[in-house]
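One-letter residues, chain by chain:
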Amino acid sequence: MTDIIDRLAGVRPGGSVDALRRHRPATRDNAQASYDALFTVIDETHASLAERAAVAQFVAALHADQVATAHYGVLTREAAGDRLADGIDRLAGAARTTGPYGDYPADGPLTRESVPGPRFAVDDEVRAALGDRLSAALEHAHLLVFRPRESSVAALARLADAGWSTDGIVTLSQLVSFLAFQLRVAAGLRLLTTEDAA
Amino acid sequence: MTEQIIDEATDAATGTPARILEHPGAAVPRAFTQAELGWLPWLEPADEATLTERQHAGLVDRSRVKSDYFRLLVRDPDILRARTLTDKDIFYNASDGLPRAERELAAAATSRFNGCIFCASVHARFATHHSKRHDDVQRLLDEGVDAAQDAAWRAVIDAAVALAATPSRLEPAHLDALRDAGFGEQAISDVIHSAAFFNWANRLMLSLGEPEDAPPLP
């Protein structure tokens, strides 16, 4: 049976990449279990499916992964409708850049490795449309995707101010961070899969 | 689009907003190191006394209940459990494929590139332990991912770093360099998984708390 990474990477059943994955069944099964724990079998008390799907669609689009963006876009459409999914697409298009970048603390030797780059913020009109919670979640997702080394107490305080609970922030952080893994496994295996088909 | 497009039914605005923890006196390391570091959470870990059976299952190893990091993550036990089991298989199931030392090297290089001083300290230490190549590992920490290495380590580090970029810059040439250095297809898949996994770990460690020098013994 194919799983989500197979679908994202285009793994051919019975092919060599399929065999590589099946040689590590615990990795394969638990990558899928991670996806299910975040998107399929969930408790929506602290983070709704609509919020999870919208953030995932945004993160996939920031990684310029068209297959994954389409996948999570469908989740957003099903959970919250076309307007939100279309809005996330537009927002991600404007927010896309290349990372990692960001400043290191000014009082240390790593300052010389600081790389400047954009800090994404939702404007007032979009914030009014998305609400404070989702707007803050998207800003935090952009931070984690592109400049995780600039993470801070202040960044978490902005989520709390927008209404996110501690449990909700843990789930949101896992979701964005998990996608950083899933999308890279898919990207790496897609390269092997392309060779597999050649 | 001024009309709100996420309605209250899909907006999980319940519960008390998070309480943030600050550690103003903490000795936060400013450089990469192989020394043991502590880690201070910026959010409240779950109370050990009130953990549910599901949360104990999420911790996988009972000893993790003493860790602030894992007691914070156990607030969402199902994803923690699946993540931990993924982590263990990627790094410890090394009977074939990529050797342990190179899995740890991929983790350390990814952490160095993303800027996670805590993760880099743990996995640089493990890379040294398994390879007995302290100086090569230390050069990765001191000079960065472009510091001189032999061909096999060069290929692992380059692949890990290319994959850590957003969007990924991993190309067929990186895979060919791994093959030229003697790594088989399973080992190459293991490089991809080890490096990819640390993009997950780095973002949790960096965003939910901060490292500190000279931790008190537990």
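One can find the structure itself at the top, above this paragraph.
In short, a report on the structure. (Residues numbered from 1 in each chain as written. Chains lettered and ligands numbered in written order. Predicted model: local features only at pLDDT ≥ 70, side-chain atom pairs only at ≥ 80, totals over all residues. Heavy atoms only, no water.)

**Description of the overall build of chain B**
Working step 1: Counting secondary structure elements, chain B contains nine helices and two strands.
Working step 2: Here the C-alpha coordinates of chain B stretch approximately 55 × 50 × 35 Å along the principal axes.
Working step 3: Here chain B holds 218 residues, and the buried ones make up 57% of them.
Working step 4: Accessible surface computed for chain B: about 9,000 Å², of which carbon and sulfur atoms make up 51%.
Working step 5: For chain B, the centre of its 22 positive side-chain charges and the centre of its 34 negative side-chain charges are spaced 4 Å apart. (Helix = DSSP H or I, 4+ residues; strand = E, 2+ residues; numbered from the N terminus. Buried < 20%, exposed > 50% of the residue type's maximum accessible area, 1.4 Å probe, protein only. Areas by Shrake-Rupley, 256 points an atom, 1.4 Å probe, with all protein chains shown as cover. Lys, Arg positive; Asp, Glu negative; His and termini not counted. Charge placed at Lys NZ, Arg CZ, Asp CG, Glu CD.)

**Things to note about the interface of chain A and chain B**
Working step 1: Contact with chain A, which involves 79 residues of that partner, is made by 74 residues of chain B.
Working step 2: Counting each side, the surface lost to burial between chain A and chain B is near 6,600 Å², with a carbon and sulfur contribution of 62%.
Working step 3: Of all residues in chain A, the largest losses of buried area upon contact with chain B belong to Arg24, Gln174 and Arg184 of chain A, amounting jointly to 11% of the total for that side.
Working step 4: In this assembly, chain A and chain B are joined by six salt bridges.
Working step 5: Among the ionic pairs, Arg133 of chain A bridges to Asp11 of chain B, the shortest N-O distance being 2.8 Å.
Working step 6: The set of elements that each furnish at least two residues to the side of chain A that touches chain B consists of helix H3 (25–39), helix H4 (49–62), helix H5 (66–80), helix H6 (82–95), helix H7 (124–130), helix H8 (132–146), helix H9 (153–161) and helix H10 (166–197) of chain A.
Working step 7: With 19 residues, the top contributor of residues to the side of chain A that touches chain B is H10 of chain A.
Working step 8: Looking at the side of chain A that touches chain B, its residues break down into 42 nonpolar, 23 polar and 14 charged. (Contact = heavy atoms within 4.5 Å. Buried area = accessible area lost by both parts, 1.4 Å probe. Salt bridge = Lys/Arg side-chain N within 4 Å of Asp/Glu carboxyl O. Nonpolar A, V, L, I, M, F, W, Y, C, P; charged D, E, K, R; others polar.)

**Details of the side chain of Thr33 of chain B**
Working step 1: Tracing the backbone through its elements, the reader meets Thr33 of chain B in the segment before strand E1 (38–41).
Working step 2: Using a relative accessible area of 19% as the deciding quantity, one classes Thr33 of chain B as buried.

**What about the packing of aromatic side chains?**
Working step 1: This model, assessed by the stated rule, comprises 15 aromatic pairs over all chains.
Working step 2: Relative to Phe39 of chain A, the ring of Tyr35 of chain A lies with its centre 5.2 Å away and its plane at 35°, an arrangement referred to as tilted. You can see Tyr35 of chain A and its partner Phe39 of chain A sitting in helix H3, four residues apart, about one turn around the helix. Note on accessibility: Tyr35 of chain A and Phe39 of chain A belong to one class, buried.
Working step 3: Arranged with centres 5.9 Å apart and planes meeting at 75°, the rings of Phe181 of chain A and Phe197 of chain B form a pair that is edge-to-face. Of this pair, Phe181 of chain A sits in helix H10 while Phe197 of chain B sits in helix H9 (residues 185–208), placing the two residues on different chains.
Working step 4: In this structure Phe181 of chain A comes out as buried when scored by relative accessible area, which is 0%.
Working step 5: An aromatic cluster is present here, built from Phe178 and Phe181 of chain A together with Phe91, Phe197, Phe198 and Trp200 of chain B joined pairwise through their rings.
Working step 6: The residue whose ring lies beneath Arg83 of chain B is Trp200 of chain B, and the NZ or CZ to ring-centre distance is 5.9 Å.
Working step 7: Lying over the aromatic face of Trp153 of chain B, Arg133 of chain B brings its terminal NZ or CZ to 3.7 Å of the ring centre. (Phe/Tyr/Trp six-rings, centres within 6.5 Å; stacked < 30°, edge-to-face > 60°. Lys NZ or Arg CZ within 6 Å of the ring centre and 35° of its normal.)

**Here we look at the packing of H4 of chain A against H6 of chain A**
Residue and element names in this part refer to chain A.
Working step 1: The geometry of H4 relative to H6 is characterised by a closest axis approach of 9 Å and an angle of 35° between their N-to-C directions. When the axes of H4 and H6 are compared, the crossing they make is right-handed. Counting all contacts with H4, which are made through Ala54, Gln57, Phe58, Ala61 and Leu62, the residues of H6 involved are Leu84, Ala85, Ile88, Asp89, Leu91, Ala92 and Ala95.
Working step 2: Considering only residue class, the contact of H4 with H6 consists of 10 nonpolar, one polar and one charged. (Axes fitted to C-alpha atoms, helices over the stretch in contact; angles between N-to-C directions. Left-handed = near helix turned anticlockwise from the far one by under 90°.)

**Things to note about the side chain of Ser121 of chain B**
Residues and elements named next belong to chain B.
Working step 1: Here Ser121 lies in helix H5 (residues 117–131).
Working step 2: You can call Ser121 buried: its relative accessible area is 0%.
Working step 3: There is a polar contact of 2.7 Å between the side chain of Ser121 and the backbone oxygen of Phe118. (Polar contact = N/O pair within 3.5 Å; in protein donor to acceptor, adjacent residues only side chain to side chain.)

**With respect to the pattern of salt bridges**
All names here are of chain A.
Working step 1: Evaluation of the coordinates by the stated rule reveals 32 salt bridges over all chains.
Working step 2: Among the ionic pairs, Arg127 bridges to Glu139, the shortest N-O distance being 2.7 Å. One end of the pair, Arg127, is in helix H7; the other, Glu139, is in helix H8, and 12 residues separate them in sequence.
Working step 3: You can call Arg127 partly exposed: its relative accessible area is 23%.
Working step 4: A single network of salt bridges, built from pairs that share partners, joins Asp3, Asp6, Arg21 and Arg28.

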